[in-house]
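Geometric and topological summary
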Amino acid sequence: MSRLLALAGQLLRRFAGPLIVVLTVLLAALVAGGLVWNGWRDAGAQARAREAARQRAGVEIARASDQSSRAALEAMAGQGQRDMDRQVREQETRDDILSAPDAGASAGAAGDVGLAGLCRRAVYRDHPRCAGLRGTDPAPAAR
C-alpha cells in the first residue's frame, strides 16, 4: 500500500502542473461560455424589446396622423361652411340693396362712391348697374 501511495505521489507531482493548467483552462472556458450565453440571451431580449418599442411607436404615429388628418378635414369643412355662409349673407345683402324702393335713385357723388365700393366686391361685380363703373372710379371725382 505504501508503494501505491508513493506511486500516486509521484504521478501527482509529475502531472499536477499540467492538470492545474487543464482545469484552469476548462474553468475559463466555462466562464467564457456562460458570459457568451448570457450576452446572447440578453441580446435577444433587447432585440425583442426594440421591436416592441418600434411597433408601439408605429401605432402612435398612425394614431397621431389619423387625428391630424381628421382635424385638417374638420378645419377645411368649417372654412367651407363659413365661406358659404358669407356668400349667402352677401347675396342677401345684395338682393336687399338692389330691391330697395329707391335703389335706382342717385345719392350724388357719395352715392356713386358707395356704389363703386360695392361694385368692387365679387358678389356685385357682374350686376348691370356696376357695368358702367368698371372702368372708372368715381372716388376721385367726389373729392
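Note that the structure is a prediction, hence the values are computed from the model and not measured.

**What to know about the overall build of the protein**
Looking only at helices and strands, one finds four helices and zero strands in the protein. Taking all 143 residues of the protein together, 8% fall into the buried category. When contacts within the protein are restricted to residue pairs at least 6 apart in sequence, long-range pairs at least 24 apart make up 51% of them. About 11,500 Å² of surface is accessible on the protein, with carbon and sulfur atoms providing 63% of the total.

**As for the pattern of salt bridges**
Overall, the coordinates contain five salt bridges when judged by the stated rule. With its nearest N and O atoms 2.6 Å apart, the salt bridge here joins Glu-60 to Arg-63. Remark: Arg-63 and Glu-60 occur in helix H1 (residues 2-98); sequence separation between them is three residues, near one turn of the helix. Take Glu-60: its relative accessible area is 45%, and that puts it in the partly exposed class.

**Brief notes about the side chain of Glu-90**
With respect to the helices, strands and loops of the structure, Glu-90 is situated in helix H1. Among the residues examined, Glu-90 registers a relative accessible area of 15% and is labelled buried. Residues within four places of Glu-90 in sequence aside, it is in contact with Arg-121, Val-123 and Tyr-124.

**Let's talk about H1**
For H1, which comprises 97 residues, the first-to-last C-alpha distance of 138 Å matches the rise-based estimate of 144 Å (1.5 Å per residue) to within 8%. Roughly 50° is the biggest bend found in H1, and it falls at Phe-15, with proline Pro-18 one to four residues downstream.

**Observations concerning a nonpolar patch on the surface**
A surface patch of nonpolar side chains, amounting to about 400 Å² of accessible area, comprises Leu-4, Leu-7, Leu-11 and Phe-15. Tracing the backbone through its elements, the reader meets Leu-7 in helix H1. The class of Leu-7 is partly exposed, set by a relative accessible area of 44%.

**Notes on the confidence of the model for the protein**
Per-chain confidence: the protein averages 81 in pLDDT, with 87% of residues scoring 70 or above. Per-element confidence in the protein ranges from a low mean pLDDT of 46 for helix H4 (residues 139-142) to a high of 87 for H1. Note on residues 138-143: pLDDT is under 50 here. Beyond four places in sequence and across chains, it has seven contacts.

Basis of the calculations
Residues numbered from 1 in each chain as written. Predicted model: local features only at pLDDT ≥ 70, side-chain atom pairs only at ≥ 80, totals over all residues. Heavy atoms only, no water. Helix = DSSP H or I, 4+ residues; strand = E, 2+ residues; numbered from the N terminus. Buried < 20%, exposed > 50% of the residue type's maximum accessible area, 1.4 Å probe, protein only. Contact = heavy atoms within 4.5 Å. Areas by Shrake-Rupley, 256 points an atom, 1.4 Å probe, with all protein chains shown as cover. Salt bridge = Lys/Arg side-chain N within 4 Å of Asp/Glu carboxyl O. Expected span 1.5 Å × (residues − 1). Bend = angle between axes of the 7 residues up to and from the residue. Patch = residues over 30% accessible without salt bridge, like charges linked within 9 Å, V, L, I, M, F, W, Y side chains within 5 Å. pLDDT = per-residue confidence, 0-100.

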